[in-house]
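Observations on chain architecture
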Amino acid sequence: QVQLVESGGGLVQAGDSLTLSCAASGRHFGRQVLGWFRQAPGKEREFVAGISWREHAFYADSAEGRFIISRDNVKNTVYLQMDSLKPEDAAVYFCAAGWTSLGRMSADYDYWGQGTQVSVSS
């Protein structure tokens, strides 16, 4: 069983940066694919970024060039550094863990955190 707890959300202004963290418990963390998703009000949950256990990162087009995902397998933590934030980035951000290589769909992930709110003012 894997438990995921996100932190680091908050209210920022457009153009600011924010780093989200997700602490995980579970014996298989180092071998799992980790992902960040987000869900804005009235919209479906969407993929933001993922990272393989070999630390290969992959991104949604909306995140490419502005967000960086990383992982620390000693601390069992995955991070999402978000730069140049835009109002359209506002959402609840979820971290997830799974086994599907390069997974970009919610169904590719087995474990989910409760989410952390990111708000961006214009």
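The structure we're discussing is the one just above.
Criteria and thresholds
- Residues numbered from 1 in each chain as written.
- Predicted model: local features only at pLDDT ≥ 70, side-chain atom pairs only at ≥ 80, totals over all residues.
- Heavy atoms only, no water.
- Helix = DSSP H or I, 4+ residues; strand = E, 2+ residues; numbered from the N terminus.
- Buried < 20%, exposed > 50% of the residue type's maximum accessible area, 1.4 Å probe, protein only.
- Salt bridge = Lys/Arg side-chain N within 4 Å of Asp/Glu carboxyl O.

To continue, consider unusual backbone geometry. The backbone phi angle of Glu-55 is positive, close to 70 degrees, even though this residue is not glycine. Checked against the element boundaries, Glu-55 lands in the loop between strand 5 (46-51) and strand 6 (57-59). In this structure Glu-55 comes out as exposed when scored by relative accessible area, which is 51%. Positive phi values are uncommon outside glycine, yet Ser-84 reaches one of about 50 degrees. Counting through the fold element by element, Ser-84 comes out in the loop between strand 8 (77-82) and strand 9 (91-98). Since its relative accessible area comes to 40%, Ser-84 is described here as partly exposed.

Inspection of the entire model under this criterion finds three salt bridges. A salt bridge links Glu-46 to Arg-38; the nearest nitrogen and oxygen atoms lie 2.6 Å apart. Taking the relative accessible area as the measure of exposure, Glu-46 reaches 35% and is therefore partly exposed. The salt bridge involving Asp-89 is made with Arg-38; its shortest N-O contact spans 2.9 Å. With a gap of 51 residues between them, Asp-89 in the loop between strand 8 and strand 9 and Arg-38 in strand 4 (residues 33-39) connect regions that are remote in the sequence. Overall, the relative accessible area of 1% leaves Asp-89 in the buried class. A residue is classified by how much of its surface remains accessible, and Arg-38, at 6% relative accessible area, is buried. Overlapping salt bridges, with partners in common, bring together Arg-38, Glu-46, Arg-66 and Asp-89 in one network.

Shape descriptors only; they carry no functional weight alone.
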